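Observations on the three-dimensional arrangement
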Amino acid sequence: MSYSLIVKRLPSILHRSNNPVKQFSTSAVQSVGIKWRQQHGYPDNHTSRGVLTDAPDYSFLDGKPTPYTTGQRARLLRQQEYAGRVRYLLTVAEKSKKAYQDKVAAQQKEREKIIGRKLKPKGMNLQRNKS
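Residues numbered from 1 in each chain as written. Predicted model: local features only at pLDDT ≥ 70, side-chain atom pairs only at ≥ 80, totals over all residues. Heavy atoms only, no water.

1. Remarks on the packing of aromatic side chains
Selection criterion: Centre distance within 6.5 Å is the pairing criterion for rings of Phe, Tyr and Trp, where only the six-membered ring of Trp is used; planes under 30 degrees apart are then read as stacked, over 60 as edge-to-face, and the remainder as tilted. Lysine and arginine charges are scored as sitting over a ring when NZ or CZ, respectively, is within 6 Å of the ring centre and within 35 degrees of the ring normal.
If you walk through the whole model with that rule in mind, you get two aromatic pairs. Between the NZ or CZ atom of Lys-64 and the centre of the ring of Phe-60, over which it lies, the distance is 4.6 Å.

This is the structure:
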């Protein structure tokens, strides 16, 4: 059967199926107990973290550490990426804050320089201002 023939017959095939799709929902699916987990400080998804998820599946009798599971490794790498991003954003914020402070200081210095170059009173006016 060729591809074009299948595409042409697809609507009739779907219509004749025993269980045609009659409704289509676009609303989000909510897991049972999300409100309870949120109220008690647990994550929304019960499989995202916890003893069964974070603890190793087994342990060695001699006490050496067990290797990370796939999920643990993924969480560790994700947390390292977050930490690196936070560190980068903090340095950017500090640099921009320092640049702004330098700009304000330069503007203040320029203002003082302009005020210092203005004409000053001479002669009798200078003596009156001093006393």
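2. Thoughts on the environment of Tyr-68
To keep things clear, this is the line we draw: Secondary structure follows DSSP: runs of H or I at least 4 residues long count as helices, runs of E at least 2 residues long count as strands, and numbering of each begins at the N terminus. Residue contacts are counted whenever heavy atoms from the two residues lie within 4.5 Å of one another.
Mapped onto the elements, Tyr-68 comes out in the loop between helix 3 (51–54) and helix 4 (70–117). Taking the C-alpha atoms as reference points, Tyr-68 and Asp-54, separated by 14 residues in sequence, lie 9.4 Å from one another. With near-sequence residues (within four places) excluded, Tyr-68 lies in contact with Arg-73 and Leu-76.

3. Digging into the pattern of salt bridges
Where side chains of opposite charge bring their charged atoms close, a pairing between them can arise. Rule in force here: Any Lys or Arg side-chain nitrogen located within 4 Å of an Asp or Glu carboxyl oxygen qualifies as a salt bridge.
What the rule picks out here adds up to one salt bridge. Across the pair Asp-102 and Lys-98 runs a salt bridge, and its minimum N-O distance is 3.4 Å. One end of the pair is Asp-102 and the other is Lys-98, both in helix 4 and four residues apart, which spans about a single turn.

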